Amino acid sequence: MVGAMAKQVNRLEVNDELVRAARTDAEALGRLYELYYERIFRFCVYRLFSKDIAEDVTSTIFLEVARGIRRFDGRTERDFGNWLYAIAANQANAFIRKSSRRKKLLENAAGPITKSANEGTNPSSEPDWPRLYQAILKLKPQHQTIVTLRFFENVSYEQISQILNVKEATLRVTLHRILNQLQNHLTSVFDGES
Amino acid sequence: MFKDESDLEKIVGRLNIDAAPNSEHRESLREQMLSVFDKTSQKRITPLSVFRRTLMKSRITKLAAAAVILVAVLIGILQFGGSTPAFAEVIQPLLTARTAVYKLTVQSAGKPPETSEWMYKVESGTREVRPGGVIRILHHGQEIMLWPTGKKGLILKRINIPEEKDRQTNWFHEIKERIRQAQEAEEESVEFLGKQEIDGVMAFVYRIGENSKMTDMTVWADTETLLPVRIEHSIGSAGRVMNIEGTITYSDIIINAELDESLFAVPEGYDARTIEIDSSKVSEDDLIHTLHLWADNTDGEFPLELNIKAAGEFFQRIREKMGLKGLTFKEGETPEFAEPKFSEFFPIRQRIIRGLGFISKLPPESDWHYVGKDVKFGEAEKPIFWYKPEGSPTYRVLYGDLSIKNVKPENLPQ
């Protein structure tokens, strides 16, 4: 037990060193990239539904990291992770917001799958991924980010509040409201009003 | 559905979402990212530091500079969470520019491109050196034209300027405003189009989508310094009166160059003549005067169309009648205003421009129509123009004798 904890502390300290080194050292940045690429790509898939779009936005995010890491003033891996998720959330929201046409495309991308996925199944069953995505997409962009971070990425309240720069208490209240809205949106998706 | 938070957690946990990454993308992005990182290791002159350094040369602007930098940084932090604000960084030097020097090329349909050299200073206005060498300055409500070879000058002094119009059209200012709107409006479309080599440098390319006030705009920014290399936007939304289509390109842009105030005034030793221009608010009467003047000078005809092209042809006819050579922007040629007949021509020109000014300001919902091309002056039963004033239930209809009546929509000419 003690050994495992020591290992974990060591790992964190090593990664903190990596973050500090990454400002000037390409190899360190490359290692951070390896640590986070999959998480960020997954986050983008959850936010944008399409893997192709997720790849494009993931590229934008890491290129922004490459341009900004020298000015990044965080000291720990946690700081880096928060910064990275903040960039990812901004970029995903920017992609969706850029035009309503794009939002429509994303909705349509989810739409046909919804129908085929539910053929012959009980409509009252729990939502599948396309339905849930359609319902999430009806939320405000920042609320979409909160749902993705909390339920898909299992990020703690404390960390989400740091990523989005909001108070933790406010976040909890907001999430309560978001869940009510999400339930309403899911009902409308199930009723075919989407 | 789901009952509560933990229920939703369980549902999400059961979803079968394919989020497996593609190893090729992972590898190629890694290379791309490290290449960008390598390039940033070269010493960068940031827009902020250029801006700060240039402004700090002037004692007067130190405080203003501090305030502007603070605002710019706050905008960056608020909008982009303190990360690398790519578009915000690119536009920052433009938005905060106190001066700019640039080349402006107008490419309009059916004409060769025309490039002039411009200077812009927030407090002073603009100075343009036209292709022929003539200088045109817009400065504090005045338009100054200078012919350097003969040291002649013409000052067009605007009088009766309505308070809300106390600003001359200034394209650089308009560009700044347009970009500011794009940055502030959540729904505005700003698209990153990738990288492109332009004017000999590698540049990031951004496109700002069309909105109700302006056509789309493309901004190129140097990948190393992030300073603007080129800005391009379409012209073509000026409506039925201006009827111009084409592209305006800003290139060779230098931000915050030191520009002496004397560049925006008539230099010593110039023989400059001042003419006053009535810049009061245009009205329906101005249109009536325009049409009257037109008929007086064309044996009772009215214009074929009401637009700037028709006005240009009309001015040419008047000039020919008066023996004037026309407006010259070529160095060495005698400026038109130096000729005695110019005093007769200029008021006619201004009168016509004011009439066109009235219809150019009518909104689309005014539903204005001009049908005077086959009507002769004095034909009292024939309508030549009608429009609906804002908030009015009836139209104003102007007839061939230049009388005007209120007419219900159902009684409008077919």
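Each remark here, short or long, concerns the structure printed above.
Figured I'd write up the structure that's included with this text. (Residues numbered from 1 in each chain as written. Chains lettered and ligands numbered in written order. Predicted model: local features only at pLDDT ≥ 70, side-chain atom pairs only at ≥ 80, totals over all residues. Heavy atoms only, no water.)

1. Thoughts on the overall build of chain B
- Along its length, chain B carries 10 helices and 16 strands.
- Split into buried and exposed, the 414 residues of chain B put 45% on the buried side.
- Long-range pairs, those at least 24 residues apart, make up 51% of the contacts in chain B between residues at least 6 apart in sequence.
- Summed over all atoms, the accessible surface of chain B reaches about 22000 Å², with 51% contributed by carbon and sulfur. (Helix = DSSP H or I, 4+ residues; strand = E, 2+ residues; numbered from the N terminus. Buried < 20%, exposed > 50% of the residue type's maximum accessible area, 1.4 Å probe, protein only. Contact = heavy atoms within 4.5 Å. Areas by Shrake-Rupley, 256 points an atom, 1.4 Å probe, with all protein chains shown as cover.)

2. Notes on the overall build of chain A
- Along the backbone of chain A there are nine helices and zero strands.
- Element order for chain A, N to C, with α for helix and β for strand: α-α-α-α-α-α-α-α-α.
- Counting only residues that meet the buried cut, chain A has 53% of its 194 residues in that class.
- Considering only intrachain contacts with a sequence separation of at least 6, the fraction spanning at least 24 residues in chain A is 63%.
- Taken as a whole, chain A presents about 9300 Å² of accessible surface, with 50% of it coming from carbon and sulfur.

3. Focus: the pairing of strand 7 (residues 190-198) of chain B
All names here are of chain B.
- One ladder, built from eight bridges, connects strand 7 with strand 8 (residues 201-208); its direction is antiparallel. Bridge pairing in strand 8 links E197 to M202.
- In sequence, strand 7 turns back onto strand 8 through a hairpin of two residues, with D199 there showing a positive phi of about 50°. (Pairing = 2+ DSSP bridges.)

4. Section: the interface of chain A and chain B
- With 51 residues of chain A at the interface, the matching set in chain B holds 44 residues.
- The interface formed by chain A and chain B holds six salt bridges in total.
- In this structure, R150 of chain A and E5 of chain B form a salt bridge, with 3.6 Å as the shortest nitrogen-oxygen distance.
- At the surface where chain A touches chain B, the tally comes to 12 residue pairs in polar contact (both at pLDDT 80 or more).
- Within the residue set of the side of chain A that touches chain B, elements represented by two or more residues are helix 2 (26-48), helix 3 (51-68), helix 4 (77-97), helix 6 (129-137), helix 7 (141-152) and helix 9 (168-190) of chain A.
- By residue class, the composition of the side of chain A that touches chain B is 25 nonpolar, eight polar and 18 charged. (Salt bridge = Lys/Arg side-chain N within 4 Å of Asp/Glu carboxyl O. Polar contact = N/O pair within 3.5 Å; in protein donor to acceptor, adjacent residues only side chain to side chain. Nonpolar A, V, L, I, M, F, W, Y, C, P; charged D, E, K, R; others polar.)

5. Remarks on the sheet that holds strand 2 (residues 114-121) of chain B
Residue and element names in this part refer to chain B.
- Read across the sheet, 12 strands follow the order 7-8-9-10-11-1-2-3-4-5-6-12 without closing on themselves; strand pairing throughout is mixed. Among the strands making up the open sheet, the edge pair consists of strand 7 and strand 12 (271-278). Each strand axis lies, on average, 20° off the axis of its neighbour in the sheet, ignoring direction. (Axes fitted to C-alpha atoms, helices over the stretch in contact; angles between N-to-C directions.)

6. A look at the environment of I198 of chain B
All names here are of chain B.
- Tracing the sequence through the fold places I198 in strand 7.
- Residue class for I198 comes out buried when judged on its relative accessible area of 11%.
- Excluding residues within four positions of it along the chain, I198 makes contact with A203, W220, V229 and R230.

7. Quick look at the nonpolar core
- Of all hydrophobic cores here, the largest spans 73 residues; its most connected members are F62, F80 and F152 of chain A.
- For this core, the two domains that each supply at least three residues are domain 1 (2-98) and domain 2 (110-193) of chain A.
- Sequence-distant contacts of F62 of chain A, that is, excluding residues within four places in its chain, are made with Y33, Y36, Y37, I40 and L84 of chain A together with L29 and M33 of chain B. (Core = buried A, V, L, I, M, F, W, Y, C linked by side-chain atoms within 4.5 Å. Domains from an automatic or database assignment.)

8. Description of the packing of aromatic side chains
All names here are of chain B.
- In total, this model carries 26 aromatic pairs over all chains according to the counting rule given.
- On the basis of an interplanar angle of 50° and a centroid distance of 5.3 Å, the ring pair of Y102 and Y250 is categorised as tilted. In this pair, Y102 is assigned in strand 1 (residues 99-108) and Y250 in strand 11 (residues 246-255), connecting sequence segments 148 residues apart. A single burial state applies to Y102 and to Y250, both of which are buried. (Phe/Tyr/Trp six-rings, centres within 6.5 Å; stacked < 30°, edge-to-face > 60°.)

9. With respect to the side chain of T298 of chain B
Residue and element names in this part refer to chain B.
- You can see T298 is positioned in the loop between helix 8 (284-296) and helix 9 (308-322).
- Of the residues examined, T298 reaches a relative accessible area of 3% and is grouped as buried.
- Excluding residues within four positions of it along the chain, T298 makes contact with F314 and R317.

10. Topic: the environment of F385 of chain B
All names here are of chain B.
- Along the polypeptide, F385 turns up in strand 14 (residues 383-387).
- Assessed through its relative accessible area of 1%, F385 is described here as buried.
- Residue contacts for F385: discarding those within four places in its chain leaves L287, L306, I359, L362, W368, H369, Y370, R396, V397 and L398.

11. Overview of helix 4 of chain A
- Over its 21 residues, helix 4 of chain A extends 30 Å from the first C-alpha to the last, a length consistent with the 30 Å expected when each residue adds 1.5 Å.
- Burial of helix 4 of chain A is extensive: 17 of the 21 residues sit out of reach of the surface. (Expected span 1.5 Å × (residues − 1).)

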